[in-house]
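# Secondary and tertiary structure notes
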Amino acid sequence: MAGNIIEVTNLEKRFGQNLVLKNITFNVQRSEKVVIIGPSGGGKSTLLRCLNRLEDDYQGIVKFNDQNIMLADAGKIRSIRQKIGMVFQQFNLFPNKTALENITFAPVKLKLLSQQRAIDRAHRLLSQVGLDNKANAYPQSLSGGQQQRVAIARSLAMNPSVLLFDEPTSALDPEMVGDVLAVMTDLADKGMTMIIVTHEMSFAQKVADKILFMDQGIIADQGDPHYIFHETKNPRTRAFLSKVMI
Amino acid sequence: MFSFLKHYYPVFVQGTAQTILISIIGILIGIILGLFFVTLRRSKVKLCQYIARVYIAIVRGTPSMIQVMLIYYGLSKVLDIPQIQFLGSGLDRMIPGSIALGINSGAYTAEIFRSGLISIPRGQTEAGLSLGLSDHTTLFSIVMPQAVRNILPALGNEFITLIKESSVLFYIGVQEVTAQALGVGGTLYNFIPPLLVAAIIYFVLTFSMSQVISLLERRLGTAYLKVNQEE
Ligand SMILES: Nc1ncnc2c1ncn2[C@@H]1O[C@H](COP(=O)(O)OP(=O)(O)O)[C@@H](O)[C@H]1O
Ligand SMILES: [Mg+2]
């Protein structure tokens with residue numbers, strides 16, 4: 001369907017005998033912000049990882065810009081991954097590279113940008129996430145919140161058409177969470193397509209166009225923030241929310 | 001006690017050069033085989049894993065002296081290497097000898113590489129792949145450089161062991177330092193002084209190797225472990 005960047009149809013994924021995703025179907029439109037919530041172990045990370053085929057061997061169809069990514073060959077999947085940025089809970093910055101080098105590495109290696117243009121872009125992205133003064137710092141010397149913002153800048157350097165966030169603030173000290181969420185809110189305002197797994201409910205309420213509640217491998221409930229937070233009658237959603245909202 | 005050196009020092013120089021040469025070739029072959037077998041070991045294909053395991057188990061479970069002899073006698077049956085003399089030994093002995101050292105070292109090197117790769121969190125690979133880099137680029141440009149830094153001490157140990165173990169090539173007639181020292185001992189009817197000289201030479205070689213390794217460690221290590229002072 002036109003306008004959909006990602007289409008997931010009847011996705012099923014098992015690890016051995018363990019069926020961790022069942023019958024997952026949803027679409028993501030250009031510029032849409034989809035937030036995925038749900039108890040841990042529910043399959044949220046696995047679902048994100050199927051979208052850029054970090055997880056292989058699943059049943060069903062995942063389409064990115066109308067291409068079935070399961071059928072993509074090695075070269076094709078690489079070019080698809082360039083367009084699907086991923087931000088991890090543990091940041092996963094390259095510890096032996098500076099903030100700047102973390103950002104320039106892939107675009108230069110993939111010959112998308114010259115060294116100089118990659119550096120220019122990296123400085124611009126670092127300013128965008130409020131860290132241009134840390135360009136030459138190694139990850140180890142940055143706080144968690146700063147590392148996560150560099151990781152976001154690293155994804156943005158590939159000029160992605162969608163960004164996946166897997167609990168980007170869950171590994172952070174509480175005082176760092178706001179900075180990272182501010183960067184994400186800014187991206188949302190600029191029209192970036194985003195799929196975000198998070199436990200930050202007020203953030204979800206603010207930026208989400210659509211919230212998926214995942215529990216035990218299925219999308220147990222979904223709707224806009226108003227529906228999920230105020231209207232749903234689904235007992236699992238309500239039980240989960242009452243736990244995380246305190 | 002060491003007055004014989006006046007007369008015999010060229011023999012020791014030649015033996016030392018021979019030891020250095022076979023060690024370098026052995027180390028290089030070991031690294032290549034190590035990379036090859038660690039790739040097999042980590043392959044998804046069961047047969048590849050199995051081949052790597054068998055190679056590693058055999059090398060680790062048998063004496064290096066027997067390995068060297070088997071490879072020497074085996075190779076001389078199938079290959080016709082000219083008996084050209086180089087640094088006091090025939091190439092027909094040096095080449096199989098260095099290959100044997102490399103085959104032996106490759107098994108240990110493969111295991112060291114494997115431990116290094118395991119030491120790098122899976123997230124590094126996933127970050128590389130999610131940026132659209134190939135498996136190959138991710139492995140060689142992101143994971144390996146970090147792994148190498150972690151395994152440098154173990155790799156250094158292996159190189160030092162190989163330098164010392166290269167003395168087993170004496171059994172197939174390679175005129176390395178040990179062989180030369182024994183030869184000199186035979187003519188002097190006194191083995192202790194030349195063997196002491198050989199021991200000192202080995203010590204200098206292994207000590208230099210360990211210095212090179214710790215220099216590399218400092219080079220590769222401090223860059224990002226030290227908290228960056230500047231803003
Ligand atoms: N690589 C894996 N091998 C086996 N089981 C896995 C693997 N990754 C995740 N799982 C299992 O899949 C289920 C869903 O995990 P996950 O997607 O991480 O959930 P969430 O992100 O919602 O916490 C869990 O039961 C987990 O144990
Ligand atoms: Mg998770």
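Residues numbered from 1 in each chain as written. Chains lettered and ligands numbered in written order. Predicted model: local features only at pLDDT ≥ 70, side-chain atom pairs only at ≥ 80, totals over all residues. Heavy atoms only, no water.

Looking up chain B in an unreviewed UniProt entry gives the name ABC-type amino acid transport system, permease and periplasmic component, with the organism given as Lentilactobacillus farraginis DSM 18382 = JCM 14108. For chain B, the Subcellular location (unreviewed entry) comment in UniProt is given as "Cell membrane". The UniProt entry for chain B carries the following text under Sequence similarities (unreviewed entry): "Belongs to the binding-protein-dependent transport system permease family. HisMQ subfamily." (UniProt positions renumbered as here; feature names shortened; annotations may be inferred.)

Looking at an unreviewed UniProt entry, chain A carries the name Arginine ABC transporter, ATP-binding protein ArtM, with the source organism given as Lentilactobacillus farraginis DSM 18382 = JCM 14108. UniProt annotates chain A under Subcellular location (unreviewed entry) with the comment "Cell membrane".

## Some remarks on the overall build of chain B
Along the backbone of chain B there are eight helices and two strands. Based on the C-alpha atoms only, the size of chain B along its principal axes is roughly 70 × 50 × 30 Å. The buried share among the 231 residues of chain B stands at 47%. Excluding contacts between residues fewer than 6 apart, the proportion of contacts in chain B whose partners are at least 24 apart in sequence is 77%. (Helix = DSSP H or I, 4+ residues; strand = E, 2+ residues; numbered from the N terminus. Buried < 20%, exposed > 50% of the residue type's maximum accessible area, 1.4 Å probe, protein only. Contact = heavy atoms within 4.5 Å.)

## Brief notes about the sheet that holds strand β2 (residues 18–29) of chain A
Residue and element names in this part refer to chain A. The antiparallel open sheet is built from four strands, whose spatial order is β2-β1-β4-β5. At either margin of the open sheet sits one strand with a lone partner, and together these are β2 and β5 (67–68). Pairing geometry for strand β1 (residues 4–15) and β2, over eight bridges, is antiparallel. Paired with Val8 across the bridge in β2 is Phe26. Running over the sheet, helix α1 (residues 44–51) touches β1, β2 and β4 (59–64) and is turned about 125° from β1. (Pairing = 2+ DSSP bridges. Axes fitted to C-alpha atoms, helices over the stretch in contact; angles between N-to-C directions.)

## Brief notes about the domain arrangement of chain A
Residue and element names in this part refer to chain A. Split by domain assignment, chain A resolves into domain 1 (23–83 + 161–245) and domain 2 (95–160). Taking only C-alpha atoms into account, the centre of domain 1 sits 24 Å from that of domain 2. Contact between domain 1 and domain 2 buries roughly 1300 Å² in total, counting both sides, with carbon and sulfur atoms accounting for 69%. Linking domain 1 with domain 2 are one salt bridge. Residue Asp179 pairs with Arg149 through a salt bridge whose shortest N-O separation is 3.8 Å. Inspection of the region where domain 1 meets domain 2 yields two residue pairs in polar contact (both at pLDDT 80 or more). Every element with two or more residues in the side of domain 1 that touches domain 2 is listed here: α2 (74–83), β7 (162–166) and α6 (174–189). (Domains from an automatic or database assignment. Buried area = accessible area lost by both parts, 1.4 Å probe. Salt bridge = Lys/Arg side-chain N within 4 Å of Asp/Glu carboxyl O. Polar contact = N/O pair within 3.5 Å; in protein donor to acceptor, adjacent residues only side chain to side chain.)

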